[in-house]
Amino acid sequence: MNEKENKATEIVRGVCSLDCPDQCGLLLHKEAGRIVKVEGDPAHPMTQGDICNKVRHMTERLYDPARLRYPMKRTGKKGDGAFERISWEEAIETIVSKWKTLIATEGAESILPYSFYGNMGRIGAEGMDRRFFHRMGASRLEQTICEAAGTEGYRYTMGGSYGTSPEDTVHAKLIVMWGINAVSTNLHQIVLAEKARKNGARIVAIDVHRNRTAKWADWFIPIRPGTDAALALGLMHILFEEGMTDETFLQTYTVGHEKLRQHVKSYDPEFVSSVTGVPVEDIYELARLYGRTTPSFIRIGNGIQHHDNGGMCVRTIACLPALTGQWMHRGGGAIKGNGSYLDFNKAALQRPQLRKQPARSVNMNQLGNALLELDPPIRSLYVYNSNPAVVAPHAGKVRQGLMREDLFTVVHDLFLTETARYADLVLPATSSFENHDIYRSYWHHYVQIQQPAIEPYGESKSNPDVFRLLAQGMGFEEEALRDSDEDMIRQALNNPVNPNLESITYERLLEEQYVRANVRPLFPGKLPTPSGKIELYSRAMELKGLPPLPTYTPLQTDEEEALRFQFIPAPNHNFLNSTFSHNAKHVRLEGDEPKLYMHTEDAESLGIRSGERVRVWNSRGSCELTAIVGDDVVRGTVVSQGLWADAEGNSRLVNALTPDRLADMGGGAVFFSGRVQVEKLENAS
C-alpha cells in the first residue's frame, strides 16, 4: 500500500458475528465510509489473524446489490416475491395496528416471534426483542434448533457447558474429533491441533463422512449414523476390563462409577462392532490409545446430537474423560461448548418479569405444525435472525404454513430470503458492523465488543431499534423498553453470580476490544451438578424418566423404515446455514451446486454414477442433487452439504426431507435421523 492509499484507509477492530465457536477478532479496512476489506486481527489471543473464507469475503455480502435498502409491503401472492417500497412510519403503523387488533380479538398468544442466532450479538439476539415480546405476552419460542439436546446431555454429566480451555489443547497427545468437521466449522481448534501434532499428538476423526477434517486426521474411523453412544460404551467396556481407568479420580470426582462399571459389561466389542460398523480390532486399538495416552482431548461435535438419541450420545461421550482422569491434565478433557463460563445476566438482559402471565410455548423445530395445526391458531409471525423456510425441519410443511393468507408475517433481514418472500412486510436489517453489541464465544473464553464501524445501509435498522419503535407504537411505557444499547450491555455484564465476568466491564471492552474471563481449571473443584461431581449415574435423569446411566438407544423407526438410506444434511465449507447461500461468490467457492455423497456399492446397485443428477425423496418431500460416488461415506448412508438457496426450476431444499420430531433431550432437532430413497433423476416419477 502506498502512502496516499495508507492515508485514505482507516482500520478499525471488529468481531465476527456468525454462529461459529471461533468468534474471530477482525480488522475492518474502511475507505470513504465503506468497508473494503476484512481480515483477521493478529493481536487477538485466540484467533491470531486467521479467518475463514466466509468472513474474508464478507464485503461481498455487505454490499451485495440484492441487499434490502428500505421497508417493503407485499403486492402479489405469498411466495412470489412481489413488493413495493414503503416508509418506516407506514411499516410500524401497519404492524402496530394489526397486532393491537389481534391482541384485542384473539389474544397476544396469537403472535409468535421466530428467531435464532443469525447474528450472535447478544443485544440484538436476546435483548430488546425478548423484553418487547414478554411485555406483549406473545407465545414463547423454544430456541432448540441447534445444540439443545447435546447441551442438556452434557449438563447431566458436567453441570453445564464447561470444558477444556481451548488454548490448553496444544498440550494434548491424543485429539479425538468426534462428529465435528472442524476444518469447516471450528478452524482455530484445527490450528491448535496442528501445534499439538507438531509436538507428537495423534489426531483421530470419528464421523459418518470422510469430510475435510477426516481427511486431515491421522486416523479416520467411519461409523454408522446415530451409533456413537454405543462406540463410547464399548470403549468404556475395554477401559474398565483392561484396568486403564484412573480409580483415584473416579473415587474423588465422580458418582456412579461402580454402577457404570457393571453396566458397560454388556457393551462388548463384538456387539458394539455389530451396531456401529467399526471393526472389533479398531475398537480395541482406539480404547487402548485413549486409555494409555495422557493428555487426551475430545472435541465433541454438533452433528451427533441431531439424532433421536442425540442428548444421550453427547452425555455418554462426555463421561469418557472421567474414566481416565483426563481432567487433571492440562490439555486433557473435552469440549462440547464453553458457553457457561461466560454467562451474562440473562434476567437483566431479557427482563422476563415484564410478562404478566404465562404463555404457551412453541418448539421452533415444529414451526410447520404450529402454523398449520395449533389451536388457537398463530395469526402473526415476526421473523428475525433466521430463515425458517430453509433452515427449519420438514420445510415443505413450514412453507405451506407460511402460505396462509390469514397469517400476518413480518420479516426483518438483510436480504429478501426465502422466508421473506412469504411476508406481508419486509424490513431492512443492519449488519453486525453497523451495530453496537457484545459477543461471547461458546468455545473460547473472550468477551468482545462491536461498535458501529459504518453507517446503516440504506434505511436499515437494528433489531433493538425496531423493537423500541414497536414498543412506542404499542404504547408500552416501561423504562426497560427504552434502554439504549449501552444500557443493555452494561446490564448484561453485571452478573454477580458469575465470578468469571468480574473483571469485564463496558469501559474495559471499549479500551481493549476483547477481554478474557477469569476461567480456572475445573479440577480440583466442585461442579454445578446436584452432587458437585461428574455424574456418571444421574439421579436427575432418573427422576425425569431417562436412563440414569449412559445407554445406547437405536434411532427411531417410523413410516420411513423401509427407505434405504440414512440421510445426513451436514454443513458445507463456504456457507453458515443459509447465510452466504444467496451470494454468488460463496456459491462459486462451494462448487456452484449441492452434491449427494454415496458409497460406491450403493450407487452401483442403483445404476448411479458420479456427476449424474439424482432425486432424493421421502414422504415429506424431495430434492435434486448431483451424485458424488466413492468410499467417503459408510454404506447405507447418503450425505449432502449445505443449505442452498432456492434456484428457479431446481429443487435443492434438503430440509424438505428432514423430520420435525424431537430428540431425546432438550426438545432438540433430529435433522440427521431421517431416511430417504435415491434414484437417478431421469427415472423419477
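Residues numbered from 1 in each chain as written. Predicted model: local features only at pLDDT ≥ 70, side-chain atom pairs only at ≥ 80, totals over all residues. Heavy atoms only, no water.

J.: Is there a simple way to explain the overall build of the protein in this structure?
T.: In terms of regular secondary structure, the protein is built from 26 helices and 27 strands. Counting only C-alpha atoms, the protein reaches 70 × 65 × 60 Å along its principal axes. Long-range pairs, those at least 24 residues apart, make up 75% of the contacts in the protein between residues at least 6 apart in sequence. About 25,300 Å² of surface is accessible on the protein, with carbon and sulfur atoms providing 47% of the total. One way to put it: in the protein the 77 positive side-chain charges average out to a point 1 Å from where the 86 negative ones average out. (Helix = DSSP H or I, 4+ residues; strand = E, 2+ residues; numbered from the N terminus. Contact = heavy atoms within 4.5 Å. Areas by Shrake-Rupley, 256 points an atom, 1.4 Å probe, with all protein chains shown as cover. Lys, Arg positive; Asp, Glu negative; His and termini not counted. Charge placed at Lys NZ, Arg CZ, Asp CG, Glu CD.)

J.: Explain the layout of surface pockets to me, please; I cannot follow it from the model alone.
T.: Empty space among the atoms becomes apparent when a probe as large as a water molecule is rolled across them. Here the largest pocket is characterised by a volume of approximately 1,300 Å³. In this structure, the largest pocket is lined by 42 residues; those nearest its centre are Tyr 117, Glu 126, Arg 130, Gln 143 and Lys 346. Every element with two or more residues in the lining of the largest pocket is listed here: strand E6 (111-115), helix H5 (122-126), helix H6 (128-136), strand E7 (140-142), helix H7 (148-158) and helix H17 (346-350). Of the residues in the lining of the largest pocket, the class split is 13 nonpolar, 15 polar and 14 charged. (1 Å grid on protein atoms, 1.4 Å probe; cavity = no way out; pocket = protein on both sides within 12 Å on 5 of 7 lines; lining within 4 Å. Points joined across faces, edges and corners; volume = space filled by probe spheres on them. Nonpolar A, V, L, I, M, F, W, Y, C, P; charged D, E, K, R; others polar.)

J.: Honestly, empty space enclosed by the protein in this entry has me stumped. Any pointers?
T.: Under the criterion given, the structure shown has two cavities of 30 Å³ or more. Empty space within the second largest cavity amounts to approximately 40 Å³. Forming the boundary of the second largest cavity are Val 176, Trp 178, Leu 235, Leu 286, Tyr 290, Ile 298 and Leu 320. Looking at the lining of the second largest cavity, the elements that each hand over two or more residues are strand E8 (174-178) and helix H15 (280-292).

J.: Mind showing me how you'd approach the pattern of salt bridges here?
T.: One side chain can pair with another of opposite charge once the charged atoms of both are near each other. Under the defined criterion, the tally for this structure stands at 49 salt bridges. Its salt-bridge partner being Arg 261, residue Glu 258 comes within 3.2 Å of it at the nearest N-O pair. Residue Glu 258 and its partner Arg 261 are both found in helix H13 (residues 257-263); the two are separated by three residues, about one turn of the helix. Arg 261 sits in the buried class, given a relative accessible area of 18%. Across the pair Asp 483 and Arg 351 runs a salt bridge, and its minimum N-O distance is 3.9 Å. Pair noted here: Asp 483 is in the loop between helix H21 (463-474) and helix H22 (485-493) and Arg 351 is in the loop between H17 and strand E14 (361-363), with a separation of 132 residues, a long-range link. You can call Asp 483 buried: its relative accessible area is 9%. Look at Arg 351 and you get buried, because its relative accessible area is 18%. Because the salt bridges share partners, they merge into one network encompassing Arg 74, Lys 78, Glu 405 and Asp 424. (Salt bridge = Lys/Arg side-chain N within 4 Å of Asp/Glu carboxyl O. Buried < 20%, exposed > 50% of the residue type's maximum accessible area, 1.4 Å probe, protein only.)

J.: Whenever I open this one, the packing of aromatic side chains confuses me. Can you help?
T.: Where two aromatic rings form a pair, the distance of their centres and the angle of their planes describe that pair. Scanning the entire structure with this criterion turns up 19 aromatic pairs. Residues Tyr 162 and Tyr 341 carry aromatic rings whose centres are separated by 5.0 Å and whose planes lie at 80 degrees to one another, so their mutual orientation is edge-to-face. Here Tyr 341 lies in the loop between strand E13 (333-335) and H17 and Tyr 162 lies in the loop between H7 and E8, a separation of 179 residues in the sequence. Among the aromatic residues, ring-to-ring pairing joins Trp 99, Phe 132, Phe 133, Tyr 382, Tyr 384, Phe 467 and Phe 476 into one connected group. Over the ring of Tyr 70 we find Arg 85; its NZ or CZ atom is 4.2 Å from the centre of that ring. One Lys or Arg, Lys 461, reaches over the ring of Trp 88 and ends 5.3 Å from the middle of that ring. (Phe/Tyr/Trp six-rings, centres within 6.5 Å; stacked < 30°, edge-to-face > 60°. Lys NZ or Arg CZ within 6 Å of the ring centre and 35° of its normal.)

J.: Help me understand the nonpolar core in this model?
T.: One finds Trp 99 and Trp 178 to be the most contacted residues of the largest nonpolar core, which totals 170 residues. In terms of residue count, the dominant contributor to this core is helix H11 (residues 228-241) (ten residues). Among residues more than four places away in sequence, those in contact with Trp 178 are Ile 206, Asp 228, Leu 231, Ala 232, Leu 235, Ile 298, Arg 299, Ile 300, Gly 301, Ile 304, Ile 317 and Leu 320. (Core = buried A, V, L, I, M, F, W, Y, C linked by side-chain atoms within 4.5 Å.)

J.: Explain the sheet that holds strand E1 (residues 10-15) here, please?
T.: In a beta sheet, neighbouring strands are held together by backbone hydrogen bonds and run either parallel or antiparallel to one another. One open sheet accounts for three strands, arranged E1-E2-E3; its pairing is antiparallel. Every interior strand has two partners, whereas the edge strands, E1 and strand E3 (34-40), have only one. With strand direction ignored, the average angle separating the axes of adjacent strands in the sheet is 30 degrees. In terms of strand pairing, E1 meets strand E2 (residues 25-31) through six bridges, oriented antiparallel. (Pairing = 2+ DSSP bridges. Axes fitted to C-alpha atoms, helices over the stretch in contact; angles between N-to-C directions.)

J.: Sorry if this is basic, but what is going on with the environment of Arg 468 here?
T.: In this fold, Arg 468 is placed in helix H21. Given a relative accessible area of 17%, Arg 468 falls into the buried group. If we skip the residues at most four places from it in the chain, Arg 468 touches Met 128, Leu 481, Arg 482, Asp 483, Ser 484, Asp 485 and Met 488. At 2.9 Å, the side chain of Arg 468 forms a polar contact with the side chain of Asp 465. (Polar contact = N/O pair within 3.5 Å; in protein donor to acceptor, adjacent residues only side chain to side chain.)

J.: Looking at this model, I keep getting lost on the environment of Leu 657. Mind explaining?
T.: Tracing the backbone shows Leu 657 in the loop between strand E26 (637-641) and strand E27 (674-680). For Leu 657, a relative accessible area of 1% corresponds to the buried category. Placed 19 residues apart in sequence, Leu 657 and Val 676 show a C-alpha to C-alpha distance of 7.5 Å. Sequence-distant contacts of Leu 657, that is, excluding residues within four places in its chain, are made with Phe 567, Val 616, Trp 617, Asn 618, Arg 620, Gly 621, Ser 622, Cys 623 and Val 676.

J.: Before we go on, may I ask you to explain the sheet that holds E8 in this structure?
T.: One open sheet holds the five strands; their spatial order is E10-E9-E8-E12-E13, and the pairing between them is parallel. Both outer strands of the open sheet, strand E10 (219-222) and E13, are each paired with one neighbouring strand and no more. With strand direction ignored, the average angle separating the axes of adjacent strands in the sheet is 15 degrees. Strand direction decides the pairing type here: E8 and strand E12 (residues 296-300), joined by five bridges, are parallel. Bridge pairing in E12 links Trp 178 to Ile 300. Set on the sheet, H11 makes contact with E8 and strand E9 (202-207); between it and E8 the angle comes to about 155 degrees.

J.: Any chance you could explain the packing of H11 against helix H16 (residues 310-323) here in plain terms?
T.: Two packed helices can be described by the angle between their axes and the distance between those axes. One way to put it is that H11 packs onto H16 with a least axis distance of 8 Å and a crossing angle of 20 degrees. Considering the angle they form, H11 stands roughly parallel to H16. Regarding H11 and H16, the two cross each other, and that crossing is left-handed. Each of Asp 228, Ala 229, Ala 232, Leu 233, Leu 235, Met 236, Leu 239 and Phe 240 in H11 lies in contact with H16, whose residues at this interface are Cys 313, Thr 316, Ile 317, Cys 319, Leu 320 and Leu 323. (Parallel < 35°, antiparallel > 145°, perpendicular 65-115°, else oblique. Left-handed = near helix turned anticlockwise from the far one by under 90°.)

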